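Close look at the chain arrangement
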Amino acid sequence: MTDTPSDTKGKSVAGDIESPPLPLSHCTVGEHCQALRRIATLPFWWYLGKNRVLGNFSIPFQDREGGWWYQVKPGLCWAADCFAPVAGPAGVSFLRSFHGFQHVVAEESMANSHMVINAITDLSAYGPQAVDSKRRNAVRKGLRSCELTVAKAYDQPTFDQCRLAWDDLVERTGWKQVVDKTSFDESWRKLLECPGTSIIIGRDKESGEVAGFLVTKIIGDTAYVDTIASRTQLLRTNVNDAVMYAFVMNAKALPGVRKAHYAIRSYVEKLEKFKHGLGFVPVSFPARTRLHWPTRLGLKMLYPAYYRRMHGLFEE
């Protein structure tokens, strides 16, 4: 790794950051979705988990024109190829979209809303210069402190430590729920079988303990962040910065992969600052949002912030 260059005030400036090579899985959107249908027990995003009543509601399906979709919430559908514009009315059945659906369109004239997505729209231009100065220092520290690998086979001690990282994330943030050992191990065994999906493990070099992990999917021309989690006692390693930067740099090297996606914009300021510091920019894509009237009315009255977020309306 090269030395960190600095200006006269001691602030980090852009320079080379050597990222370790990672054998990330990559496939077409169709291959990934068909694999999820065959596996049947994996949600579209690992963090979604399963619904207690509806089970694995997010298994992808095809519309009448052959496009792939999934339910991001029970009854609310998104296109599996997020950035690909959908022309005309989507042929999505009411049984799967009883709340509605949302997708990107090609032109503003076709839009009734926007999807504001933290994105890198040109991976070929990504590098240290895309990362802000404080985050560059964190990335360098993370890559010095952590050894990064891609999980290729079941390993009980590693899985146990990754589950602890997930549980720590839940405890720190109050987001989602802890996962029992049996369910965690079963789902991660399946992740290892799923084309397009990779699990990047970051280990603290001093102790050899898992400091954190990143679940990713690279399908079609886009690299997606699925789930990132880290151990509270090992946050000092900056593992999150290391795995994220290495993921983007390795995805950039894959033929045909041109964009990266890190979720729609949220109201969590600290999380958004982390994404933006790593070079993900909130981009407003023209979209078509169709909500059936009970859902539309209920969201407007009871969850106005969620309704505005769905339509890409943010108060700056």
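The structure reproduced in this document is the subject of the present report. Everything numeric in this text was worked out from a predicted model, so none of it was measured.

Moving on, we get to the overall build of the chain. Counting secondary structure elements, the chain contains eight helices and 11 strands. By the compact-globule yardstick of 20 Å for 316 residues, the chain fits well, its C-alpha radius of gyration being 20 Å. Summarising its shape, the C-alpha atoms of the chain cover approximately 55 × 45 × 40 Å along the three principal directions. With 316 residues in all, the chain has 52% of them scored as buried. Taking all contacts inside the chain whose residues are at least 6 apart in sequence as the whole, residues at least 24 apart take part in 68%. Counting only carbon and sulfur atoms, one obtains 54% of the accessible surface of the chain, whose full area is about 15,300 Å². When the 40 basic and 32 acidic side-chain charges of the chain are each reduced to a single mean position, those positions are 4 Å apart.

Turning our eyes to something else, we now look at the environment of Pro85. Assignment of secondary structure puts Pro85 in the loop between strand S3 (76-79) and strand S4 (100-104). Considering only alpha carbons, one finds Pro85 and Arg288, 203 residues apart in sequence, at a separation of 9.8 Å. With near-sequence residues (within four places) excluded, Pro85 lies in contact with Val104, Val105 and Ala106.

A turn of α-helix holds 3.6 residues, and therefore any two residues three or four places apart point the same way. Along helix H6 (residues 269-277), the residues that are buried comprise Glu272, Phe274, Lys275 and Gly277. If you follow the buried residues of H6, they end up packed against strand S5 (113-120), helix H2 (133-145), helix H5 (239-252) and strand S10 (259-264). A positive backbone phi angle near 100° is found at Gly279, which sits one or two residues after H6.

Moving on, we get to the sheet that holds strand S2 (residues 68-73). With mixed pairing, 11 strands are arranged side by side in an open sheet as S1-S2-S3-S4-S11-S5-S10-S9-S8-S7-S6. Edge positions in the open sheet fall to strand S1 (61-62) and strand S6 (146-150), since each of these has one partner strand only. In terms of strand pairing, S2 meets S3 through four bridges, oriented antiparallel. From the neighbouring strand, Gln71 faces S3, where its bridge partner is Cys77. Together, S6 and strand S7 (197-204) form the strand contacts of H2, whose direction differs from that of S6 by roughly 80°. Contacts from helix H3 (residues 156-173) reach S7, strand S8 (210-219) and strand S9 (222-230) within the one sheet, and its direction differs from that of S9 by about 85°.

Take the pairing of S6 next. Residues of S6 alternate between two faces, with Cys146, Leu148 and Val150 buried on one and Glu147 and Thr149 left unburied on the opposite face. Across five bridges, S6 lies against S7 in antiparallel orientation. Looking at the pairing, Glu147 lines up with Arg203 of S7.

This brings us to the nonpolar core. In this structure, Ile117, Trp166, Trp188, Ile201 and Phe213 are the most contacted members of the largest nonpolar core, which totals 49 residues. Here the element with the most residues in this core is H3; it accounts for six residues. Those residues within four positions of Ile117 in sequence are excluded, and the remaining contacts are Cys82, Phe83, His261, Ala263, Ile264, Arg265, Val281, Pro282, Val283 and Phe285.

Enumeration over the complete set of coordinates arrives at nine salt bridges. Among the salt bridges present, the one from Asp185 reaches Lys181, with a minimum N-O distance of 3.2 Å. Of this pair, Asp185 and Lys181 both sit in helix H4 (residues 181-193), four residues apart, roughly one helical turn. We classify Asp185 as buried; its relative accessible area is 8%. If you follow the salt bridges from partner to partner, you end up with Asp160, Arg163, Lys181 and Asp185 in one network.

Turning our attention to empty space enclosed by the protein. As enumerated under the stated definition, the model contains two cavities of 30 Å³ or more in all. Approximately 60 Å³ is the volume found for the largest cavity. Looking at the largest cavity, it is lined by 14 residues, and the ones nearest its centre are Pro43, Phe44, Leu191, Thr197 and Asp226. Listing elements by their share of the lining of the largest cavity, those giving two or more residues are helix H1 (29-39) and S8. In the lining of the largest cavity, the residues fall into nine nonpolar, three polar and two charged. Put simply, the second largest cavity is a space of about 50 Å³.

Conventions we followed
Residues numbered from 1 in each chain as written. Predicted model: local features only at pLDDT ≥ 70, side-chain atom pairs only at ≥ 80, totals over all residues. Heavy atoms only, no water. Helix = DSSP H or I, 4+ residues; strand = E, 2+ residues; numbered from the N terminus. Rg over C-alpha atoms; globule rule 2.2 N^0.38 Å. Buried < 20%, exposed > 50% of the residue type's maximum accessible area, 1.4 Å probe, protein only. Contact = heavy atoms within 4.5 Å. Areas by Shrake-Rupley, 256 points an atom, 1.4 Å probe, with all protein chains shown as cover. Lys, Arg positive; Asp, Glu negative; His and termini not counted. Charge placed at Lys NZ, Arg CZ, Asp CG, Glu CD. Pairing = 2+ DSSP bridges. Axes fitted to C-alpha atoms, helices over the stretch in contact; angles between N-to-C directions. Core = buried A, V, L, I, M, F, W, Y, C linked by side-chain atoms within 4.5 Å. Salt bridge = Lys/Arg side-chain N within 4 Å of Asp/Glu carboxyl O. 1 Å grid on protein atoms, 1.4 Å probe; cavity = no way out; pocket = protein on both sides within 12 Å on 5 of 7 lines; lining within 4 Å. Points joined across faces, edges and corners; volume = space filled by probe spheres on them. Nonpolar A, V, L, I, M, F, W, Y, C, P; charged D, E, K, R; others polar.

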